Structure formats: structure tokens, C-alpha cells
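# An overview of the molecular structure
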Amino acid sequence: MSPVKKRSARRAGTGSRAGKAAQGMATRAVHAGEPRNADSGSLTVPIYQSATFSSRTTREMIAISQGRQEGNFYTRYGNTTTRAVERKLAALDEAGDALLFSSGMAAITTSLLAMLRAGDHVVSSDAIYGNAQSFLLEVLPRFGVEVSFGDPSDPDRFMALARANTRLVYAESPVNPTLRVLDLLRLGRMAARRKLPFLVDATFSSPVNQQSLKFGATLAIHSATKYLGGHADLIAGAVCGSRPLIARIRNMRKTLGCVADPHQAWLLARGMRTLTVRVRRQNEVGMEVARWLERRPGVLSVLYPGLKSHPQHVLAKKQLKGYGGMVTFEVRGGVKGASRVADRLKLVRLAPSLGGVESIVSQPPLTSHLYVSAEARRKAGIRDGMLRLSCGIEDPADLIADLDQALRGRK
Ligand SMILES: Cc1ncc(COP(=O)(O)O)c(C=O)c1O
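Residues numbered from 1 in each chain as written. Predicted model: local features only at pLDDT ≥ 70, side-chain atom pairs only at ≥ 80, totals over all residues.

### Notes on the confidence of the model for the chain
Test applied: A residue's pLDDT is the predictor's confidence in that residue, given on a scale from 0 to 100. Two residues form a contact once the distance between their C-beta atoms, set from the backbone, is within 7 Å.
Chain-level pLDDT for the chain is 93 on average; 95% of the residues reach the 70-or-more range. Note on residues 1-19: pLDDT under 50 across the span, and 40 contacts to partners over four residues away in sequence or across chains.

### Observations regarding the nonpolar core
What counts is decided by this rule: Core membership is restricted to buried Ala, Val, Leu, Ile, Met, Phe, Trp, Tyr and Cys residues, and these are joined into a nonpolar core through C-beta atoms within 7 Å. Residues with at least 20 neighbouring C-beta atoms inside 10 Å of their own are called buried, those with 12 or fewer are called exposed, and the rest are partly exposed, where every C-beta is derived from the backbone. Numbering of helices and strands runs from the N terminus, with a helix taken as a DSSP run of H or I at least four residues long and a strand as a DSSP run of E at least two residues long.
Among the nonpolar cores identified, the biggest contains 109 residues, and Ala-220, Ala-238, Val-239, Leu-268 and Val-327 are the most heavily contacted of them. When residues of this core are assigned to their parent elements, the largest contribution, 7 residues, is made by helix H12 (residues 275-295). Among all residues touching Val-327, those that are not within four sequence positions of it are Gly-286, Val-289, Ala-290, Leu-293, Val-302, Tyr-304, Leu-389 and Cys-391.

### Quick notes on helix H4 (residues 80-93)
For clarity, the threshold we go by: For a helix, the expected span equals 1.5 Å multiplied by the residue count minus one.
Taking 1.5 Å as the rise per residue, H4 with 14 residues should run 20 Å; its terminal C-alpha atoms sit 20 Å apart, in good agreement. Across the 14 residues that make up H4, a large majority, 12, are buried. Elements that come into contact with the buried residues of H4 comprise helix H2 (25-31), strand S1 (97-101), helix H9 (206-209), strand S6 (219-223), strand S7 (237-241) and helix H11 (262-272). Looking at the residues trailing H4, positive phi occurs at Glu-94, about 50 degrees.

### Quick word on the pairing of strand S4 (residues 166-172)
For the record, the criterion: Only strands joined by at least two bridges in the DSSP assignment are considered to pair. With the strands aimed away from the viewer, a crossover counts as right-handed if its path from the first strand over the helix to the second runs clockwise.
Across the 7 residues that make up S4, a large majority, 6, are buried. Bridge count between strand S2 (residues 121-125) and S4: 4 bridges; the pairing is parallel. Of the residues in S4, the one forming a bridge with Val-122 is Leu-168. Once you follow S4 into helix H8 (residues 184-193) and on to strand S5 (residues 198-201), the crossover reads as right-handed.

### A word on the packing of H12 against helix H16 (residues 396-408)
What counts is decided by this rule: In this analysis an axis means a line fitted to C-alpha atoms, helices contributing only their contacting stretch, and an angle means the value between N-to-C directions, from 0 to 180 degrees. Handedness of each helix crossing follows the sense of rotation of the near helix against the far helix: counterclockwise by less than a right angle gives left-handed, clockwise gives right-handed. Here the term charged refers only to Asp, Glu, Lys and Arg, the term nonpolar to Ala, Val, Leu, Ile, Met, Phe, Trp, Tyr, Cys and Pro, and the term polar to all other amino acids, Gly among them.
Running from N to C, H12 and H16 point in directions that differ by 35 degrees, and their axes come no closer than 10 Å. Considering the relative orientation of H12 and H16, their crossing is right-handed. For the pair formed by H12 and H16, the contact residues are Val-285, Glu-288, Val-289 and Trp-292 on the first element and Pro-396, Leu-399 and Ile-400 on the second. The residue inventory of the contact of H12 with H16, partitioned by class, reads 6 nonpolar, no polar and 1 charged.

Shown next as C-alpha cells:
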């Protein structure tokens, strides 16, 4: 980074990122944040199931509560279990620091509220998670924040939406459910040139497949409910970024109160230890299923960044370490035709969410995009006959057999 870029990055909050990680991603997923030489000898971080903590002196208590001294004060401010997971998250995204929340939506809303005030303007991608879009579209304007939506696939037109009072740029990549891949490096550079923080929801990739901060994001956002947790048994969210920016968001989290509880944090730490193994396997399963679907008569189209037919395959190759477990495909018969296939699946479960060890299917026009107009769906490339498959870690042959019988229409 040139000194000029470094300066503007610092102003945009992108500075003070940890240097190159000394250990590999898999090693960090297992060991980062875990206690070393704890009094108990505990190999994994214990659950500190306590709402409050005592201090030795009043002076120490104040220093801890104000964040000037390490330690616990009150679990809404922080907790040893939660902090351990935050350290693991920061290590995975190679960020200066990270914060854990009670949900992915809490991570998104708290970060935006920490960074914005009345009179500000936001440039946002029009292809983002539905509830994040509602927050930008319906909630922020009530507090005097204006938002312009555009398509970041055309970075020049998208960034041209910025005004003098624009304070941040918000996007999601890969995009749900089309698995469109945005050119993060280019968008990040354009945002930094305008001294604007660039927030990227990287839920679909996890840090294993996409290290958003390395590709120009100021803040990497994750619904930890998905790949990070990986077992469909918890709701949590996370943001990773520079220390000063995370400190600002931590302050807002303390005020809004949307912290992950210690048990939830512990479950997440447990899931994250196997993150690399799961996601790398899901990359393999996703690729095998996508290749099979592409050849299967009766399947009209397949969207998977690892396929040569994917519109951003070349970009995906540069930006992603793996193409993920999400595969979107289109069948005949519109919404009803897709519902018939979904209803016939036996091994693959019909459910919202994604990223777990079990494969699940959902129908975007009836779930994530139910309240989006037909015109907006068409513009976003979402067809009526689409099904979104989140591949788990099962044997691909079994998933393929299940998909095959569902597509053939046998009961
Ligand atoms: C891309 C994306 N971001 C954010 C969220 C919100 O996460 P959570 O459900 O953990 O609040 C979701 C949930 O599906 C999502 O898919």
C-alpha cells in the first residue's frame, strides 16, 4: 500500500490490521483464542456463565469497565468465553479485532448504527440479505439517514451514487441466491479513494473461502449462524475489522445490548474449531453436485461460482479460495415446479438458513425473496423455478441420488 493509500485507509478505518498471520487457517481455527496455561489446565475455553464479575478494587473495576484494563466487568460489556471466540474470529479474518453478537442481524444493525448519524448517506448494494435491506430501506431513514441502492457489478455506476455526505458503502458477496461474485478489490479501492469504509457481508463464503479484508473490505460481517457455527444449533453474528473501528462498534453493542451469551459463544467456538475441515469438504461436495446438476436433463440452469459457465467464474477464481457449498439451480414449471422438486426430496431437508453439516434446500421466491416484487426479482436474476441448495458434508452420491429421484418425480 502506498503511503497515500495507507493514510486514506486509516481515515476510512481500514488501518491497524494485524500483519500476515504466522500460522495457517486450519491451525488458527483450532488454536486461536483458546486458553494457554489457564489455572484449570482447561484445553478449551470454559463457559463463564456469569452475568457479573467482581473486582479487587473500585479503581480496577472502573478501569475494566472503561476498557483500559483487560478483565471482566459485566457480560453485556464482555465475557472471557465471548472474548476467546472474538480472538479466534479476528485470527481467521486476519483482522485487528472482532466482535460477537446475538445474531447476524445484530452485527449488521449495530455496526451501521455505530458508524452513522442523522444527515448521513449510505451507498448500498441492492442484492443483500432481506432483513438488512429492510433496515436500510425502512429503519435508517426514520433516523435521518438516506440510502441509495445500486448494482455493484458495475462499480463505476455504483460508486457514482456517493455524495458529499456519504459515510459508508455496504455490499454482500457472494450474493444470495444467485451466487454472483463482486469485485471486492476494485470496489474497496474506489471506496478508499473516497475515504469511505466498505462493509462486506461475507456470510456465504466464511473466512475460509474469502478473506474480505485482504480484498479491500473495512469490515467483514458474518452471520455466524451459518458456516462459522456449522451445526444449525445457534444464532450469532460477528464483525471483523481494525481495532479503532471495532472499539466504536463495541461501545454501541454495549448500549444496544445485543451480545452473544456465553453458552452460545462456547457452542460457536466448538463449531469454529472444525470450520476449515467442514468448509473445504463443502467446497468439494458443492462442486460435485453442481457439475452433476449442470449435466442433468430437466435442470434449466445452474449457478455455482466454480463452474466455467458462471458469469464471474474468472473473478471467483481470483477472489475465492473455494467455491463453497451453495448451489442454485432452476427447474421447469416456475414456483410450482420448484416446490414439487423440493417437496419430493427425502435426504435433503426443506429449511431456511445454510452452511450446516446437513444439506438443506430452500425456494428463494417463497423464502428470502418472498416480499420482493416480481420486477425486482427479475432484475436480481432470481427466476421463479429456482431452488437454493446448501450442501452439507454428506456423501455427494447420496445427495445426487436424492436430487435425481426428486427431479424424476418419483414419490
Ligand atoms: C447473507 C446473510 N447475512 C445476514 C444474515 C442474518 O443472520 P442471522 O440470521 O444470524 O441474524 C443472513 C441470514 O440468513 C444471511 O443469509
